[in-house]
Amino acid sequence: MYLNSPITQFKSLSLTTEPNPEEADIEKDPVEATLKSPSLPPSLSEGTIYLSQRGNSLAQQKSEELQRTLLAHRHDRQLIILQDFPDPDALSCAWTYQLIAQQYDIKSEIIYAGALSHQENIALVRLTNLPIQRWTQQTLKTKDLSCYQGFVLIDNQGTTSQLLSAMQHAKIPLVVLIDHHSLQGELESEFVDIRPYVRATATIFTQYLQAGLLTLDSSINQHVKCATALMHGLRSDTNRLMQAQEEDFMAAAYLSRFYDAQLLNAILQANRSKRVMDVIERSLKNRIVQNNFSIAGVGYLRYDDRDAIPQAADFLVTEENVHTAVVYGIVHDEDEELEIVIGSLRTSKLTLDPDEFIKEAFGQDSTGRFFGGGRTSAGGFEIPMGFLSGSNENSAYAKMKWEVFDAQIKQKLLRLVNPRDNPIQSE
């Protein structure tokens with residue numbers, strides 16, 4: 001269970017709740033308040049909060065809870081675990097958490113197990129010097145995990161990271177869990193802030209900044225770069241702010257005081273690689289379109305090219321008379337001898353819930369963990385191939401294996417796209 005944020009709490013707390021009638025005479029314009037605590041570092045007592053009246057309560061509450069958690073873990077050493085293929089939202093929020101935690105003398109390392117292959121993610125890390133490390137299964141064998149007192153999950157709930165099992169095996173406690181995706185399972189954590197109705201985790205972290213957990217300073221280069229990363233994460237997860245809500249716009253307005261527009265533009269101008277273009281071409285050739293769904297299998301991909309799959313889905317969903325695109329392929333890592341089916345969903349259909357659709361399509365593994373999930377307008381899934389992994393040097397076997405997986409995935413998707421009993425009520 002979630003120790004201090006039960007599922008019912010997520011349903012009852014909302015940034016879009018109407019004001020209490022008893023507070024009708026409260027000023028409705030944005031307010032300025034100060035978050036103070038006698039036991040906080042000096043810089044924190046000077047922070048100000050610029051939130052709308054209706055969002056103030058929850059943001060304030062969660063900020064105070066996070067402060068108490070960090071104070072209880074002064075001088076600890078933590079690992080910040082991201083999904084295997086971290087996106088701008090995850091990268092920027094992990095960096096923000098690291099900077100906040102430093103004020104409590106908490107040393108943290110940002111790690112992931114997969115790859116940075118999307119050109120914008122590579123540019124973000126390189127141009128900002130974002131401190132992230134790749135830990136493969138081989139890397140884990142060389143690490144002494146006993147020196148860490150806790151780990152943190154940001155923009156994920158462990159279902160998309162190979163590193164979660166290593167943390168659990170080493171009995172490292174989960175201290176902080178912050179995400180904007182729907183609940184994916186049961187984890188025990190000291191602090192939990194999961195808001196599925198918020199468009200980006202970057203919005204949540206910007207609210208922490210507004211509440212005074214970290215006072216941004218435009219004269220500090222690291223702060224400017226971190227604010228730029230947060231702006232990129234917020235922009236990315238709200239489809240260039242076109243799907244942004246009030247709290248997202250307010251977060252962007254706050255970050256606009258600190259971010260570097262030229263740096264952000266340089267990140268966004270990163271060119272697609274030839275491999276990404278090849279995968280997009282494959283998705284175009286292989287797609288089938290039914291009931292406004294475009295479904296495409298792209299065959300085998302190298303592990304480092306995994307991020308070409310969501311980019312292909314982004315492209316296919318722009319086709320005329322298509323509101324939802326699903327692209328998938330078999331991603332193989334020769335170094336780790338690992339193969340996994342990875343897919344991405346993109347939709348412009350407001351009444352289609354990506355999280356519900358993917359969970360209904362692919363279900364759960366033997367431990368009860370879903371193979372995928374989603375958020376507003378986007379989702380993804382990862383299905384380990386287990387015993388069938390490898391042996392691709394035999395071209396006939398590799399072709400047959402792909403045909404089986406391709407047929408099975410299409411079958412599961414088309415069951416919902418052309419339902420007989422309408423198992424998903426999307427209308």
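Residues numbered from 1 in each chain as written. Predicted model: local features only at pLDDT ≥ 70, side-chain atom pairs only at ≥ 80, totals over all residues. Heavy atoms only, no water.

Asks: What is the right way to read the sheet that holds strand β13 (residues 372-375) from this model?
Replies: Strand pairs in the sheet, formed through backbone hydrogen bonds, run parallel or antiparallel to each other. Strands sit in the order β9-β10-β11-β12-β14-β13 across an open sheet of six strands; the sheet is mixed. Where the open sheet ends on each side, the last strands, each with one partner, are β9 (288-290) and β13. Pairs of neighbouring strands in the sheet enclose a mean axial angle of 15°, with direction left out of account. In terms of strand pairing, strand β10 (residues 293-302) meets strand β11 (residues 324-333) through eight bridges, oriented parallel. Within β11, the position partnered with A296 by the bridge is V327. (Pairing = 2+ DSSP bridges. Helix = DSSP H or I, 4+ residues; strand = E, 2+ residues; numbered from the N terminus. Axes fitted to C-alpha atoms, helices over the stretch in contact; angles between N-to-C directions.)

Asks: I would appreciate a short explanation of the nonpolar core in the present structure.
Replies: Core analysis: the largest hydrophobic core is formed by 54 residues, its most contacted members being L82, Y97 and Y208. For this core, the element with the highest residue contribution is helix α3 (residues 88-102), accounting for nine residues. Of all hydrophobic cores here, the second largest spans 21 residues; its members include F293, I295, L345 and L352. (Core = buried A, V, L, I, M, F, W, Y, C linked by side-chain atoms within 4.5 Å. Buried < 20%, exposed > 50% of the residue type's maximum accessible area, 1.4 Å probe, protein only.)

Asks: When you look at the pairing of β10 in this model, what are you seeing that I'm missing?
Replies: A regular strand carries its side chains on alternate faces of the sheet. In terms of burial, β10 is largely enclosed, as eight of its 10 residues are buried. By the bridge criterion, three bridges tie β9 to β10 in an arrangement that is antiparallel. Bridging across to β10, Q290 finds its partner in F293. The antiparallel hairpin formed by β9 and β10 contains two residues in its connecting segment, where N291 sits at a positive phi of about 50°. As for the winding sense of the linkage, the β-α-β connection from β10 through helix α12 (residues 308-316) to β11 is right-handed. (Right-handed = clockwise from strand over helix to strand, strands pointing away.)

Asks: Looking at this structure, how should I read the pattern of salt bridges?
Replies: The tally for this structure, following the rule as stated, stands at 13 salt bridges. For K359, the salt bridge identified is with D355, shortest N-O distance 3.0 Å. In this pair, K359 and D355 are both assigned in helix α13 (residues 354-362), four residues apart and thus about one turn of the helix distant. Overall, K359 belongs to the buried group, its relative accessible area being 13%. For D355, a relative accessible area of 7% gives the class buried. (Salt bridge = Lys/Arg side-chain N within 4 Å of Asp/Glu carboxyl O.)

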